Amino acid sequence: MSITGIKGMNDILPADVATWQFLEQTARDIFGTYGCQEIRVPVVEKTELFCRSIGETTDIVEKEMYTFDDKSDHSLTLRPEGTAPVMRSFIQHKLFNQDQVTKLYYMGPMFRYERPQKGRYRQFHQIGAEIIGIDDPRIDAQVLAMLSHYFEAVGIDDVSLQINSLGCPECRPGYRATLIEFLQQRMEQLCPDCQRRCASNPLRVLDCKAKACQEATVGAPSVLDHLCTDCETHFASVQKHLDLIGTPYSINDRMVRGLDYYTKTTFEMITNNLGSQNAVAAGGRYDGLIEDLGGPSLPGIGFAMGVERLALLLEGNGITTATPKLFIAAMGSEAENMAFSLLNQLQHHGIHAEMDFSGKSLKAQLRRANKLKCSYTLFLGENELADGNAQLKCMSDGEQTALPLEGIFVQLRQLLDAPLSTSL
Ligand code: HAM
C-alpha cells in the first residue's frame, strides 16, 4: 500500500499555489507599506515557551500541541502559533535595542492537534504581524486598518471586524470574579468542559459552542462594564481613531480569545462563509507577554490570519499560475535542434516557453499548446525551414504570421515581452 500524508496536514498542489502566492505577496506588499519587516523563526521551540505564553489552561496547551522529547530528552513542541516564537526571538536578539518600535511580519506553518474539518487543520498556515514597543491606542487602530486594508487588497469583502477589550491585570481579576459568581449560579446548565473551565478559565465559557452553555450565559456580565479607567480610555480611543480613518468595526463583548496573553484590545475578522470556522484572522494587544518571557517591559499588538481560510474564501476567483507565452512545435531533427536552442534562449531571458520532447505529430503538439494555454505557437517544420520563415499562430484569434528565421529570437523576444494585445 502506498504511503499517504498525515490526517489534517494538506499538500498545497500546484493548481492552488497561485492563490497562496498571491496571498503571501499581497501581505509582503501591504505590510511593507506599514513599515513591517519579515522575520523567520523555527517551527520547533522549547515546550516551555508555549506553556508560559499561551497559558497552561488553554485548549492549545492542554490538548492540541505536538510535543515530543528529542534524543537529548528536551521537550520540544511544533509551534501552534507565531507570536510566542517571534517574541522569543525579539528578546533573544535584543531587537529592542535597534529602535523604539519593532514592526514584524511572518508567514508559515503552525501545528495544532485539532479535529480536522473544512477550514480547520492540524498543519495550517498563518500570515501574522506584530508591532512591539508602543501602547498608544492609535497603534491598535493602525494594526486594524492594516488588516482591513489587506482584506480589501485581496478582494475578500464578505468579512467583518469585531473588537473587544479584555482589560488588564488590574481590572480583569475583578471581572473574572464577577463572572465566576454568575457562572456558579448556572453550573448545572453548563457542559462538563465549561464546568471545569469555571475555575480555570471562566472567560472561555462565553465562547463555548454548546447550545446549553450559550443559553446559560445569556445576560452574563460584560467585560466592558468592568474595565479600569486606563483600559476604558484606551478602548474608547481605539474606536475614536478607527472612526477617524473610516475602518468599519463592531463591538463584541463576548469575544474571548483562546490564548492567555491578551490585554486590552482584542479582535477577530469574521466571515459567514466558512461554517463554524468563522474567524479568518484574529489578534490583540499583549502588553505583559514580553516581560513574562524574560524580556523588557514592552507592549505589543498583532494578529494572524489563517491562510487556508483566506484561500477558501478566494476559491473560484480565477487566480491562476501564469501560462506559457510560447509553444514551439517542431518536426524533423534539424527543426527540433533549432527549436531546442530557441527554447533555451527564451527561457534564459525570462520568457516562459515550452516544446515537445516525445516526438509527437505537429497536430498533437498544437493540442498540447492549447492545453497549456500558451499565448502563441511557433511552427518549425521542414516546409518552414525550406522557406526560411516560421509560422507564428496567435492562440486566441488563430491568426497566423510568417516570421523570418533569421533573427527570430530577437523578434520573438520583442513580441513576447510586450503586452499580449500587441499585434505584429
Ligand atoms: P488564533 O486565533 O489562535 O491566534 O489563530 C489566528 C488564526 O489562525 C485564526 O483566526 C484562524 O484563521 C487560523 N487558525 C487557527 N487555528 C487553525 C486551524 N487549526 N486550522 C486552520 N486555521 C487555523 C493566534 O494564533 C495568535 N498568535 C494571533 C496573534 C498574533 N495575536 C497577536 N498576535
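Residues numbered from 1 in each chain as written. Predicted model: local features only at pLDDT ≥ 70, side-chain atom pairs only at ≥ 80, totals over all residues. Heavy atoms only, no water.

1. A closer look at the domain arrangement of the chain
Link 1 in the chain: Domains assigned within the chain are domain 1 (14-171 + 227-313) and domain 2 (326-416).
Link 2 in the chain: Once you take the C-alpha centre of each, domain 1 and domain 2 turn out to be 50 Å apart. (Domains from an automatic or database assignment.)

2. Digging into the pattern of salt bridges
Link 1 in the chain: The tally for this structure, following the rule as stated, stands at 16 salt bridges.
Link 2 in the chain: A salt bridge links D193 to R196; the nearest nitrogen and oxygen atoms lie 3.2 Å apart. Placement of the pair is D193 and R196 together in helix α7 (residues 192-200), with a separation of three residues, close to one helical turn.
Link 3 in the chain: On the basis of relative accessible area, D193 is assigned to the partly exposed category, the value being 30%.
Link 4 in the chain: Look at R196 and you get partly exposed, because its relative accessible area is 40%.
Link 5 in the chain: A single network of salt bridges, built from pairs that share partners, joins R28, E38 and R40. (Salt bridge = Lys/Arg side-chain N within 4 Å of Asp/Glu carboxyl O. Helix = DSSP H or I, 4+ residues; strand = E, 2+ residues; numbered from the N terminus. Buried < 20%, exposed > 50% of the residue type's maximum accessible area, 1.4 Å probe, protein only.)

3. Quick word on the nonpolar core
Link 1 in the chain: Counting 97 residues, the largest nonpolar core has F31, L147, Y150, F151, F267, F303 and M305 as its most contacted members.
Link 2 in the chain: Top element by residues in this core is helix α5 (residues 137-154). It accounts for nine residues.
Link 3 in the chain: One finds A330, I351, Y376 and L378 within the second-largest nonpolar core, a separate group that totals 24 residues. (Core = buried A, V, L, I, M, F, W, Y, C linked by side-chain atoms within 4.5 Å.)

4. Structural notes on the side chain of R112
Link 1 in the chain: For R112, the position within the fold is in the loop between β5 (102-111) and β6 (123-132).
Link 2 in the chain: Look at R112: it is buried, it has no salt bridge, and the nearest opposite charge is E114 at 4.6 Å.
Link 3 in the chain: Engagement of the side chain of R112 in a polar contact is seen with the backbone oxygen of P80, the distance being 2.8 Å.
Link 4 in the chain: Beyond its immediate stretch of four places on either side in the chain, R112 contacts I60, E64, Y66, P80, E81, Y121, R122, F124 and Q126. (Lys, Arg positive; Asp, Glu negative; His and termini not counted. Polar contact = N/O pair within 3.5 Å; in protein donor to acceptor, adjacent residues only side chain to side chain. Contact = heavy atoms within 4.5 Å.)

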